[in-house]
Structures are given as structure tokens and as C-alpha cells.
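As a plain string of letters, each chain reads:
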Amino acid sequence: MGGIMAENNESGHAYWKANLNLIAICLVIWFIASFGFGLLLRPALSGISVGGSDLGFWFAQQGSIWVFLGLIFFYAIRMNAIDKKFGVEE
Amino acid sequence: MDLQTLTYIVVGASFALYIGIAFWARAGSTGEFYAAGRGVHPIANGMATAADWMSAASFISMAGIISFSGYGASAYLMGWTGGYVLLAMLLAPYLRKFGKFTVPEFIGDRFYSSTARIVAVVCLIICSITYVIGQMKGVGVAFSRFLEVDASTGLLIGTAIVFLYAVQGGMKGITYTQIAQYCVLILAYTIPAIFISMELTGNILPQVGLFSNHVSGEPLLTKLDQIVVDLGFAEYTSFTSNPFNMFMFTMSLMIGTAGLPHVIIRFFTVPKVSDARWTAGWSLVFIAILYTTAPGVGAMARMNLMDTIQTGAVGAEDGNLLYESRPDWFKNWETTGLLKFEDKNGDGRIQYYNDKSTSFAPKAEEFGWKGNELTVDRDIMVLANPEIAKLPNWVIALVAAGGLAAALSTAAGLLMAISSAVSHDLLKGTFTPQITEKQELMWARISMAVAIVISAYLGLNPPGFAAQVVALAFGLAASSIFPALMMGIFSKRVNSKGAILGMVAGIATTLLYIFTYKGWFFIPGTAMLPNTPDNHLLGISPEAFGTVGAIINFAVAYGVSAMSAEPPKEIQDLVESIRIPKGAGAAIDH
């Protein structure tokens, strides 16, 4: 398997870079939805009310989980496409 | 049919099903014992992972903690789901590509050192045992209620059951059994939640019900805030007093989730790298069904509990429930010792309020209340919830079966991780490579048995509610295993010295911090400092310290590696190869 890399080093690096970029985008969203809206930004967002409480409370107890779910499937779909593009799929 | 008989039938039937499946799928080879022969579809694997993952802490304990801490307990919700994002992107696909059976095996190979492998085994055993202690507390609670015995007896009976099928089945048995357990536990969790949500808000989905209007017309959460504030408690939805600690705690649970060996091990059982990504997603789908229901369960259970005790206006002479006329569920839980009433003012009525609130104290005095009279172990809330809400008996019986399924499935998965670490990594991989497959299997079963006994013993005096004990296990995983795995994949520069010292430094500081406040080896009475926020370093609670441990681990590993030689060429090639999915099929066995 090391051979694939040796033959194809440049495309291997580009593949890895594409993966890292995608991960970075996903993790920024991951952080904002949970630590951001659900916690650190909650006092700032307290004016936006959601069913008896506020947006921050909703993100902490519901929204963050839905965002996580979306992110994992988004990553899996995008990554499969990237695998194909670089010809490294199984 | 009375409740007790019905519970026996439902629980008995579910157990017969699990044991039947475990027997039918009895493992024949080590490959089947550890990794189910790698023939499991992502959806099936996702369901099994969800059952494995959702333990007594999630099922029995978490909603109870939410019930009493409100917003503050959101750390559990975000932490235990957000970790899957890290797992799916940072670990699972690469570990599957690597294609071995256990976590220490990866660490040993990547850091080209049997010392690294042994250190990883030790970390893994520490995390898993701590985790199983939490499960045992949950098993004790569930069995004590179900058999109407005290919590310790319940625990011992539960231990015997865990022992029976975990030792028998191995991973293949466990995977299929866990699918059945998932179905039982998710029905048991959602059915009562739907009933109660309908009752209180008219909304069928608890996820929506939590944020809709109570049948009285007021928003449910506003009403709940009012009810608890009227009795001197903190507002249910109020912001945390220590956002920094909540941040550290959530982070610790997230990275711990991604570093727990019994979860990671599941990603070894999928056929392809892309399946590892899908499996993470499907697992979270099945987990999210419970986790998005839990906040509704917590809030509504609290409301029903308060309404049951405080039957009339606060302070009115007949506003509180007469102890004489307490409902059956109250009596049943009294038998377990997990619900206690003490008539401090001798009026024969139950006063449940916050006697630590200084602003409420003058009112309490005016009412003639002499202190809070009701002690509720938070771990009983989920199991008692359907009874408090007066749901039909079959629902209550189902919840008992679900709680047991959750506790047993996770305990089995963890024991699996422990036994494979001992027999596969320590014996076969390091100390006695000449043993046969049959002997290896025997040792796997022996180490399981030993782990069960130790954790049952420590579970008799757990260092907190089930979810809190489990949170400690996550902190330990966060500080040791996750950083080592992540650096092993994302850095070619981190070498064996760095990884070993990083893991040791991370887990040692975290353990030291935990033991300082929770007692040495969790033995009661040996804590060095009282476990209160003003004694904590920067206000970080022991449950949240895993994040600090992880930072120490990363810092030490990078620092030491920078000052010593880079890993050999073939290791750098190995890192390059695990980053690329192609060729995973070839790496199935070794």
C-alpha cells in the first residue's frame, strides 16, 4: 500500500489536503453549533425566544445534535466523492 | 395482571431473546470473537454501536440528571453526541484501513514499540473499568426496582447475568444481541416519552413537546421554571454559573467518546473504509433518537414529580402530599433505598424544596417547614417516570426491560474491549506469542470474569450517579487514548517516546486530579479535598478534567518528539497508507 503513495505522491498529498480542508469546515460548524450557540453565545442570543426558552437552550438540548448528524452524513458523502475523484476508493 | 408479574414476563422474554441470540451466534474463531468476522452491514452495525454506546448512563441516568440540573446537564447531551463527529472524521476510517483488531495494536504498530502497546492496554483497562463501575450502579438500580430488593442485591444479580452471556458470546454474539437490545431499549425509552408528551402538551413528539405549550396554555418550560423557582430551586433553563467548566466538561465528553475503545472497536467490524464513515453516521442516527428525547423526558419527569408532591399551593396547609396517601411507585422505590422520606416537621406531609436557598429560607420558616424531607436518587427518575405519570403497566414493564438492556449491552461491550486487550494485546501480542487460538479465547474469557468481579465490587460504592462515574471514564479516555490515536494518524513526526510519555502524562494527571476529589481508587473516605467548586483548580470539576489531560498529552508528545529522532521511514509510509482508503480489503487479517 505504501506503493500507491510512492507512485502517486503528488496526488496523494492533494487527496489528503482535500480531506483536511473538508474536516476543517465540518469542525468549524461543529464548534459553532455546540460550544458557540449552545454555550458561549447563549447569553448574547438570549433575546431570541424559542418555545418558552431561548435559542441557546434549544441548541444545547436539540439543535446541536441535529447539526452533528447532518455533518457526519455530509462528510461521508463528500469524502466518497473525493475518494473517487482521486481514484483511491476501494 | 399485576405490575410485578407483567414485569417478570417482559424482562424474562427479552432476556431469553438475548441469551438465545448469543448462543446461536456463539463465536468459533478469534476473528469472530473480536470482530464478528467483519461481515456486518453499516446500518446493523450502527444499531449495535448505538446499543453498545447507550449505557445505563444514557438510558437510566442522563435524563434524571437533566431533570434536576436543567440546562446545566446539556453538557452530557452535546458531549456524548458531538464526539461522533470527531470519531467519524478523525479516527474511524483510518483505523479501519489499518485493519487490525484492537486499539493497542494500532498504537503499538504506529509507534513501533511494545511499550506503547502495553501503556495503551493499561489506559484502556483503566477507562473501561471506570466505565463498567458506572454501568454496575445502573444495573443495581434497575434490578433492585424490578425485583423489589435493595440496590446492592440488585447489583449482584445483575453481575451474574452480565457474566453469563458476555463470557459465552464474544463479539459476534454481542453484535446480534445488541441489535435486539437496541430495539428493546429505544422502544422502552420513547413510548413512555410519547405518552407523557401527549399528556402534558398534546404533542406526540417529545422533541417538539418540550418547546410547546403545556395543556394549561403556558409554554411548558416557562411553567416548569415557575414551579421550581416557587420552591427555591434554580430556574430550570437558567444559564450555567460556570461556563468555563461546562465548556471543559463538554469537550472532555466529546473527545472521550472518540477515544473509548469499546466504540472504536466497532469500526473494525465493517467491510470497507467508506462503511466506517457511514457506520458513524448511522450510529448517531440511532443514538440521536434517544438523545433528542431525553431533554423532554427530563423536563416532564421533573414537572410530574413536583406536581405529585406539591399537590396544592406552596405554603398552603394542605398543599403537600400526605405521606399516608403516597402512591405505589413511591413505596416501591422506598424499598430500594433510593428514595427516602423523613418527616422533619412532623406534619405527616411531604415537603420537597431547596433548603439550601437563603432567599427561600424565610418563606419556609413562615410555612413551618423544617428542611427538605425528600431525597431522590437521580438515577431512579427514568425508571420511575412512567409510574409517576400513571402510565399503563405494560409501559412500566417495558421500561424496566429497556434499562436492563442498556446496562447489559454496554457492560458486555466494555468487557469485550478489556478481554481482547488482555488476551490479544498483552498475552498473544507481547508476552506469550506461542499460545494457541483456543488458549487465547480462554484467557479472553478469564479476563472478562476478573473485570466483572472488580467492577461489581467497586459498583457497590460508586463515586457518583451512574452518568457521573461514566463521565470520569470519558475524561480518562480523552486524556490518554484519543490524543495518541489522533497524532498517530495526523502527524508523521510524533515518535514512540513522545506518544508513550504523552499518554502517561495525560492519564496520570487526570487520574491524580480525579482521585484527589473522589478518593483513591474511588474508595470512600480517601479523598484529599472536598469535591466542591471552590476547591477545584480554576473551577474545573473532576469530570471535566479530561480536556486538560488531553492538552497535556498533546503538548508532551509533540515536545518530546520534536527533541528526539523522527520515526523510521516505514512508519511514515504506514501513516501515508492509512490515510488512503484503497487497499483496505487486503488488510483484513494478520
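Residues numbered from 1 in each chain as written. Chains lettered and ligands numbered in written order. Predicted model: local features only at pLDDT ≥ 70, side-chain atom pairs only at ≥ 80, totals over all residues. Heavy atoms only, no water.

Caption draft 1: Representation of the pattern of salt bridges. Under the definition given, this model contains 14 salt bridges over all chains. Notably, a salt bridge pairs Arg 277 of chain B with Asp 83 of chain A, separated by 2.9 Å at the nearest N-O pair. On the criterion of chain membership, the pair formed by Arg 277 of chain B in helix α13 (residues 273-309) and Asp 83 of chain A in helix α3 (residues 55-85) is interchain, its members lying in two chains. The same class applies to Arg 277 of chain B and to Asp 83 of chain A, which are both buried. Taking the shortest distance from any N to any O, the salt bridge between Asp 52 of chain B and Arg 266 of chain B comes out at 2.8 Å. One end of the pair, Asp 52 of chain B, is in helix α3 (residues 42-53); the other, Arg 266 of chain B, is in the loop between α12 (261-264) and α13, and 214 residues separate them in sequence. Both residues of the pair, Asp 52 of chain B and Arg 266 of chain B, count as buried. Sharing partners across several salt bridges, the network here consists of Lys 137, Asp 377 and Asp 379 of chain B. (Salt bridge = Lys/Arg side-chain N within 4 Å of Asp/Glu carboxyl O. Helix = DSSP H or I, 4+ residues; strand = E, 2+ residues; numbered from the N terminus. Buried < 20%, exposed > 50% of the residue type's maximum accessible area, 1.4 Å probe, protein only.)

Caption draft 2: Region of the structure containing the layout of surface pockets. All names here are of chain B. There is about 1,500 Å³ of room inside the largest pocket. In terms of lining residues, the largest pocket is bounded by 44 residues, among which Ile 65, Phe 68, Ser 69, Arg 378 and Gln 468 are the most central. Those elements that place two or more of their residues in the lining of the largest pocket are α4 (56-69), α5 (74-98), α11 (243-259) and β2 (374-376). Taken together, the residues of the lining of the largest pocket sort by class into 19 nonpolar, 18 polar and 7 charged. Three or more residues apiece are contributed to the lining of the largest pocket by two domains, here domain 1 (11-304 + 385-587) and domain 2 (305-383). If you go around the second largest pocket, the residues you meet are Ile 125, Ile 126, Ile 129, Thr 130, Ile 133, Leu 458, Leu 511, Phe 515, Phe 521 and Phe 522. When contributions to the lining of the second largest pocket are tallied by element, the ones reaching two or more residues are α7 (114-147) and α20 (496-518). Ranked by the residues each element gives to the lining of the second largest pocket, the list is headed by α7, at 5 residues. Taken together, the residues that form the lining of the second largest pocket break down as 9 nonpolar, 1 polar and no charged. (1 Å grid on protein atoms, 1.4 Å probe; cavity = no way out; pocket = protein on both sides within 12 Å on 5 of 7 lines; lining within 4 Å. Points joined across faces, edges and corners; volume = space filled by probe spheres on them. Nonpolar A, V, L, I, M, F, W, Y, C, P; charged D, E, K, R; others polar. Domains from an automatic or database assignment.)

Caption draft 3: Geometry of the nonpolar core. Residue and element names in this part refer to chain B. Trp 53, Phe 59, Tyr 76, Trp 80, Leu 91, Ile 107 and Tyr 291 are the most contacted members of the largest nonpolar core, which totals 216 residues. For this core, the leading source of residues is helix α17 (residues 393-431), giving 18 residues. Among residues more than four places away in sequence, those in contact with Trp 80 are Trp 53, Ala 57, Ser 58, Met 62, Ala 75, Leu 253, Thr 257, Tyr 291, Ala 467, Val 470, Ala 471 and Phe 474. (Core = buried A, V, L, I, M, F, W, Y, C linked by side-chain atoms within 4.5 Å. Contact = heavy atoms within 4.5 Å.)

Caption draft 4: Representation of the packing of aromatic side chains in the model. Per the counting criterion, the structure on display carries 42 aromatic pairs over all chains. Between the aromatic rings of Trp 30 of chain A and Phe 35 of chain A, the centroid separation amounts to 5.8 Å while the plane-to-plane angle is 75°, which identifies the pairing as edge-to-face. Judged by centre distance (5.6 Å) and plane angle (80°), the rings of Trp 53 of chain B and Tyr 84 of chain B are edge-to-face. Within this pair, whereas Trp 53 of chain B is found in helix α3, its partner Tyr 84 of chain B is found in helix α5, the two being separated by 31 residues in sequence. Each member of the pair, Trp 53 of chain B as well as Tyr 84 of chain B, carries the same accessibility label: buried. An aromatic cluster is present here, built from Trp 53, Tyr 76, Trp 80, Tyr 84, Tyr 131, Phe 249 and Phe 474 of chain B joined pairwise through their rings. In this structure, Arg 302 of chain B packs its charged tip against the face of Phe 233 of chain B, placed 5.1 Å from the ring centre. Over the face of the ring belonging to Tyr 323 of chain B we find Arg 326 of chain B, whose NZ or CZ atom lies 4.0 Å from the ring centre. (Phe/Tyr/Trp six-rings, centres within 6.5 Å; stacked < 30°, edge-to-face > 60°. Lys NZ or Arg CZ within 6 Å of the ring centre and 35° of its normal.)

Caption draft 5: Up close: α4 of chain B. Residues and elements named next belong to chain B. In a regular helix each residue adds 1.5 Å, so 14 residues correspond to 20 Å; α4 covers 18 Å between its end C-alpha atoms and thus fits that length. Helix geometry: α4 is bent most strongly at Met 62, by close to 40°. Across the 14 residues of α4, 13 count as buried, placing the element largely inside the fold. If you check the start of α4, you find a side-chain oxygen 3.1 Å away from the backbone N of Ala 57, and it comes from Ser 55. Of the residues flanking the end of α4, it is Gly 70, one or two places downstream, whose phi is positive at about 60°. (Expected span 1.5 Å × (residues − 1). Bend = angle between axes of the 7 residues up to and from the residue. Polar contact = N/O pair within 3.5 Å; in protein donor to acceptor, adjacent residues only side chain to side chain.)

Caption draft 6: Focus on the domain arrangement of chain B. Residue and element names in this part refer to chain B. Per the domain assignment, the segments making up chain B are domain 1 (11-304 + 385-587) and domain 2 (305-383). Look at where the C-alpha atoms of domain 1 and domain 2 centre, and you get two points 34 Å apart. Taken together, the contacts link 37 residues of domain 1 with 26 residues of domain 2. Buried surface at the junction of domain 1 and domain 2, summed over both partners, amounts to about 3,000 Å²; 65% is from carbon and sulfur atoms. The interface formed by domain 1 and domain 2 holds 2 salt bridges in total. (Buried area = accessible area lost by both parts, 1.4 Å probe.)

Caption draft 7: Layout of the interface of chain A and chain B. If you look at the interface, chain A gives 50 residues, while chain B gives 59 residues. Taking both partners together, chain A and chain B bury about 4,700 Å²; carbon and sulfur atoms supply 75% of that area. Applying the counting criterion to the chain A and chain B interface returns 1 salt bridge. Where chain A packs against chain B, one counts 14 residue pairs in polar contact (both at pLDDT 80 or more). Looking at the side of chain A that touches chain B, the elements that each hand over two or more residues are α1 (2-7), α2 (9-40) and α3 of chain A. Per-element tally for the side of chain A that touches chain B: the top contributor is α3 of chain A, with 19 residues. For the side of chain A that touches chain B, the class distribution of residues is 31 nonpolar, 15 polar and 4 charged.

Caption draft 8: Quick peek at empty space enclosed by the protein. Residue and element names in this part refer to chain B. Here the structure, examined in full by the defined rule, presents 4 cavities of 30 Å³ or more. In this structure, the largest cavity occupies an estimated 120 Å³ of space. Lining the largest cavity are Leu 3, Gln 4, Thr 7, Ala 142, Arg 145, Phe 146, Trp 333, Leu 383, Glu 387, Ile 396, Val 399 and Ala 400. Each residue belonging to the lining of the largest cavity can be placed in one class, and the counts come to 8 nonpolar, 2 polar and 2 charged. Space inside the second largest cavity adds up to approximately 70 Å³. At the level of secondary structure, the elements contributing two or more residues to the lining of the second largest cavity comprise α8 (151-201) and α16 (381-388). Element by element, the count of residues in the lining of the second largest cavity is highest for α8, at 4 residues.

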